[in-house]
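Given next are the chains, with one letter for each unit.
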Amino acid sequence: MSLELRHLRYFLAVADTLHFGRAAERLGMSQPPLSQQIRQLETLVGAHLFVRSHRRVQLTPAGEVLLEQAREILQRVDTAVDRVQRAQRGESGELRVGLTRATPLLPQIPRAFFAYRQQRPQVQLQLREMNSLRQIDALLANELDVGIIRKRVLPSELVAKRLLDDPLALVVHATHPALAGKDPDTATLSLRQFALDPFVGFSRDAGAGIHDHVIMLCRNAGFSPRIVQEAGESSTLISLVAAGLGVCVLPSSCSHIQVDGACFVALSDRGAASEIQLAWRREAVTPLMRQFIGLMRQEVVRG
């Protein structure tokens, strides 16, 4: 026979009450089986733990030592069980989340992260900035648990759910004829008006996630954009527009980047919004991930 946790729990009940009858009542058992369990424990540890008499029960020096150790052991067991249960409920653990550079600029995203942190303070979030293409590779390599990416065709191993839409805007020079007599903050333009203009934009391998989307929008407007310059950063593209090299389509979330001479103007074209998605490995959903995905989508809708 080996020592089991029940032996320690029985021992603590007697040690706390120093009375076999009251200890048995606390444990919901009769006194004879309790006395038998204590004798088994004494045999297992090779020491007398209690001095018994008709008037009282006392701990022996060996019992005093076991009392301290038993409390510590059972506390550690209870803590371990609690942590396991929290992990099973998605309330603790580590979560690796990828996000693009522009994603935190959408006000809904930091608000959702803040709400999640308030609700799940024991979850350690590891936020990693990388473009959509790199996030997809990281998800496939099990280097990320969840990615916050712009919509694109995904490998079959991944699944994605819509989080929110980021409206697309046209970035034009402040002196562009299309803005004559208009306030850029309230004006709305159509891509069709810029069919003859040169365009600057993200290169496909930049992984920004909107290169193909912009090409599609232009084609829906009846033309193929004449791209004269490509870059990998939104700030560079805005500077190129300010330098007069062409017009550009960017997410509205990039409008915080202020460059003299460049203006963000809303687009009226149907579908002129970049869908932000949560992506993860299809076969690797944990309770922690499920909680995060659900709470993020809930908070974004609420925000």
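Residues numbered from 1 in each chain as written. Predicted model: local features only at pLDDT ≥ 70, side-chain atom pairs only at ≥ 80, totals over all residues. Heavy atoms only, no water.

The name an unreviewed UniProt entry assigns to the protein chain is LysR substrate-binding domain-containing protein, from the organism Stenotrophomonas capsici. Recorded under Sequence similarities (unreviewed entry), the UniProt text for the protein chain is reproduced unchanged: "Belongs to the LysR transcriptional regulatory family." (UniProt positions renumbered as here; feature names shortened; annotations may be inferred.)

Caption draft 1: Main features of the UniProt feature "domain: HTH lysR-type" (unreviewed entry) in the protein chain. In the numbering adopted here, UniProt assigns the feature "domain: HTH lysR-type" (unreviewed entry) to residues 3-60. Secondary structure across residues 3-60 divides into 62% helix and 10% strand, with the first and last C-alpha atoms of the span separated by 19 Å. (Helix = DSSP H or I, 4+ residues; strand = E, 2+ residues; numbered from the N terminus.)

Caption draft 2: Quick peek at empty space enclosed by the protein. If you walk through the whole model with that rule in mind, you get 1 cavity of 30 Å³ or more. Considering the residues around the largest cavity, the lining is formed by Phe199, Val200, Gly201, Phe202, Ile210, His211, Val214, Ile215, Pro225, Ile227, Cys248 and Val249. When the residues that make up the lining of the largest cavity are grouped by side-chain class, the tally is 10 nonpolar, 2 polar and no charged. (1 Å grid on protein atoms, 1.4 Å probe; cavity = no way out; pocket = protein on both sides within 12 Å on 5 of 7 lines; lining within 4 Å. Points joined across faces, edges and corners; volume = space filled by probe spheres on them. Nonpolar A, V, L, I, M, F, W, Y, C, P; charged D, E, K, R; others polar.)

Caption draft 3: Geometry of the packing of aromatic side chains. Counted under the stated rule, the structure contains 5 aromatic pairs. Where Phe199 meets Phe223, the ring centres are 6.0 Å apart and the plane angle is 40°; that geometry is what we call tilted. Here Phe199 is found in strand β8 (residues 198-202), whereas its partner Phe223 is found in the loop between α7 (211-220) and β9 (226-231), with 24 residues between them in sequence. In this structure Phe199 comes out as buried when scored by relative accessible area, which is 2%. Exposure remark for Phe223: the relative accessible area of 10% places this residue in the buried category. Through a chain of ring-to-ring contacts, three or more aromatic side chains come together here, namely Phe11, Phe20 and Phe50. (Phe/Tyr/Trp six-rings, centres within 6.5 Å; stacked < 30°, edge-to-face > 60°. Buried < 20%, exposed > 50% of the residue type's maximum accessible area, 1.4 Å probe, protein only.)

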